[in-house]
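Chain by chain, the residues:
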Amino acid sequence: MNTILSTLYFAFNAVFPILALILLGYCARQKGMLTQEFIKPANRFNFRFGLSCLMFTNIYKLEGIGEIPLNIVFFVLFTVMVLTAAGFLIAHTCTGVRARRGVLIQAVFRSNFAIIGLPVATALAGSAGSALASALQAPTVIYYNFAAILCLTLYSDVKGAFSLKRVLRSIASNPLIFGLVTGLISLAVRAILPCNADGSPVFSLERDLSWLYTTISYLARMATPLALIVLGTQFNFTAVRGMKKELIAGVTARLIGAPVIGFALAFAAASMGIITLDATTIAVLIALFGSPMAVASVVMASEMNADDILAGQLVVWTTLLSMASVFVQIVIFRTAGLL
């Protein structure tokens, strides 16, 4: 009995702080404490500075580039490609509305890994989970942007909607990518610097430019709480009549289908010796496969003349229900002794 309770308590500790901050944002919006005039600029500011600094600090804290496991990076990219293919099948099976197919495909492969996945990984595996999750951000963000534009374009009635130049510009200007790349550059520079007698590098951003590193750290610590609160303010429970079939399909695929496929492939890869499923890796894969649909999917759907209303509803419902589905996944893996 004590083991069961401790497992449930472990899962509760990981999930509840995220849910609490989302609910705080929702209640603050309903009470008029947070207005639309504040929400949009705050979201933009946090995306450009807070989350970018968070990505940088998580990479900077690594001992070196050698700590980034390329086998897991390639496995994750392969898996999200499989999920994209599954999304195409689901989209063609579950809706006849052309403008909704690209949105459904996004729902299957594109998770909110940066905003919700990262704190889940950190809660489950501490600094090791945060570092691994951050290392996976760059390849997943690049893939998410490219694949999202591609699948939305395929079902767009607008001529010339797809542009490789537009995709590359979107990737290059993404603040998350900037933070990650800057962090990787800092690791590379650190590797070639001479060392002192005690083995420490002759120059350290944290030690020699502490005023700059402290400022970056403050912004990084602000990023996740503010992102979750702003996410809560964006919930708008409008009518879902006329899109129930697509909503059920998208929510089920995102919260159940993606984790099932992802972990099936993970255990297959582990049995072949491609990856090792330790507690840190399991935590990060729960965060990656179990997170709800990314908020950015709504903006992209709107820009590409897809059904942004469906995209918004999918973000709302996958976010709310993911608290339960992630909880269940944590309990299952904790009970199995893998977390």
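Summarised in this report is the structure supplied together with it. No experiment lies behind these values; they were computed from the predicted model shown.

**Notes on the overall build of the chain**
Along the backbone of the chain there are 13 helices and zero strands. Against the 2.2 N^0.38 benchmark of 20 Å for 339 residues, the chain shows a C-alpha radius of gyration of 20 Å, consistent with a compact globule. By its C-alpha atoms, the chain is 70 × 50 × 45 Å across when sized along the principal axes. Looking at the chain as a whole, 51% of its 339 residues are labelled buried. Expressed as a percentage of contacts within the chain between residues at least 6 apart in sequence, the contacts between residues at least 24 apart total 83%. Summed over all atoms, the accessible surface of the chain reaches about 15,800 Å², with 69% contributed by carbon and sulfur. Counting 22 positive and 12 negative side-chain charges, the chain places the centres of these two groups 11 Å from one another.

**What about the environment of Ala279?**
Within the fold, Ala279 resides in helix α11 (residues 279-290). For Ala279, a relative accessible area of 37% translates into the label partly exposed. For the pair Ala279 and Leu339, spaced 60 residues apart in the sequence, the C-alpha separation amounts to 4.7 Å.

**Some remarks on the nonpolar core**
Of all hydrophobic cores here, the largest spans 103 residues; its most connected members are Val103, Phe109, Ile286, Leu314 and Ile330. In terms of residues, this core owes the most to one element, helix α5 (residues 113-154), which gives 22 residues. Not counting residues up to four positions away in its chain, the partners in contact with Val103 are Leu152, Met293, Ala301, Ala306, Asp307, Leu310, Ala311 and Leu314. Counting five residues, the second largest nonpolar core, distinct from the first, contains Ala28, Leu34, Leu226 and Val230.

**Concerning a nonpolar patch on the surface**
Taken together, Val181, Ile185, Val189 and Ile192 make up a surface patch of nonpolar side chains, about 370 Å² in accessible area. Following the sequence through the fold, Val181 ends up in helix α7 (residues 175-192).

**Quick word on the packing of aromatic side chains**
On inspection of all chains with the given rule, the structure shows ten aromatic pairs. Taking 6.0 Å as the distance between ring centres and 75 degrees as the angle between the ring planes, the aromatic pair formed by Phe109 and Tyr143 counts as edge-to-face. With Phe109 in helix α4 (residues 98-109) and Tyr143 in helix α5, the pair connects residues that are 34 residues apart, well separated along the chain. Across this residue pair, the class does not change: Phe109 and Tyr143 are buried. Their ring planes at 40 degrees and their centres at 4.6 Å tell us that Phe263 and Phe333 sit as a pair that is tilted. Taken together, the positions of Phe263 in helix α10 (residues 244-271) and Phe333 in helix α13 (residues 308-335) put the pair 70 residues apart, joining distant regions of the chain. Assessed through its relative accessible area of 7%, Phe263 is described here as buried.

**Side note on the pattern of salt bridges**
Counting across every chain of the model gives three salt bridges. A salt bridge links Asp208 to Arg207; its shortest N-O distance comes to 3.1 Å. Judged by relative accessible area, Arg207 falls into the partly exposed class, the value being 42%. Because the salt bridges share partners, they merge into one network encompassing Arg100, Glu246 and Asp307.

**Observations concerning α4**
Judged by how many residues are buried, α4 sits mostly within the fold: ten of twelve residues are covered. Every buried residue of α4 is listed here: Arg100, Arg101, Gly102, Val103, Leu104, Ile105, Gln106, Ala107, Val108 and Phe109.

**Notes on the environment of Leu320**
Along the polypeptide, Leu320 turns up in helix α13. Spatially, the C-alpha atom of Leu320 lies 23 Å from that of Leu339, the residues being 19 residues apart in sequence. Apart from the residues within four sequence positions on either side, Leu320 is in contact with Phe235 and Phe237.

**Side note on the environment of Leu277**
Note that Leu277 resides in the loop between α10 and α11. Exposure remark for Leu277: the relative accessible area of 16% places this residue in the buried category. Separated by 34 residues in the primary sequence, Leu277 and Met243 place their C-alpha atoms 38 Å from one another. Dropping the residues within four chain positions of it, Leu277 is found in contact with Ala266, Phe267, Ala270, Ile282 and Leu285.

**Notes on the packing of α4 against α13**
Between α4 and α13, the shortest axis-to-axis distance is 9 Å and the interhelical angle comes to 25 degrees. On the basis of the axis angle, α4 is roughly parallel to α13. Judged by the twist between their axes, the crossing of α4 over α13 is right-handed. Packed against α4, whose contacting residues are Arg100, Val103, Leu104 and Ala107, the element α13 presents Leu310, Ala311 and Leu314 at the interface. A breakdown of the residues in the contact of α4 with α13 according to their chemical character gives six nonpolar, no polar and one charged.

**Here we look at the side chain of Thr281**
By the element assignment, Thr281 lies in helix α11. We classify Thr281 as buried; its relative accessible area is 4%. Excluding anything up to four places from it in sequence, Thr281 contacts Ile72, Leu132 and Thr276.

About the criteria used
- Residues numbered from 1 in each chain as written.
- Predicted model: local features only at pLDDT ≥ 70, side-chain atom pairs only at ≥ 80, totals over all residues.
- Heavy atoms only, no water.
- Helix = DSSP H or I, 4+ residues; strand = E, 2+ residues; numbered from the N terminus.
- Rg over C-alpha atoms; globule rule 2.2 N^0.38 Å.
- Buried < 20%, exposed > 50% of the residue type's maximum accessible area, 1.4 Å probe, protein only.
- Contact = heavy atoms within 4.5 Å.
- Areas by Shrake-Rupley, 256 points an atom, 1.4 Å probe, with all protein chains shown as cover.
- Lys, Arg positive; Asp, Glu negative; His and termini not counted.
- Charge placed at Lys NZ, Arg CZ, Asp CG, Glu CD.
- Core = buried A, V, L, I, M, F, W, Y, C linked by side-chain atoms within 4.5 Å.
- Patch = residues over 30% accessible without salt bridge, like charges linked within 9 Å, V, L, I, M, F, W, Y side chains within 5 Å.
- Salt bridge = Lys/Arg side-chain N within 4 Å of Asp/Glu carboxyl O.
- Phe/Tyr/Trp six-rings, centres within 6.5 Å; stacked < 30°, edge-to-face > 60°.
- Axes fitted to C-alpha atoms, helices over the stretch in contact; angles between N-to-C directions.
- Parallel < 35°, antiparallel > 145°, perpendicular 65-115°, else oblique.
- Left-handed = near helix turned anticlockwise from the far one by under 90°.
- Nonpolar A, V, L, I, M, F, W, Y, C, P; charged D, E, K, R; others polar.

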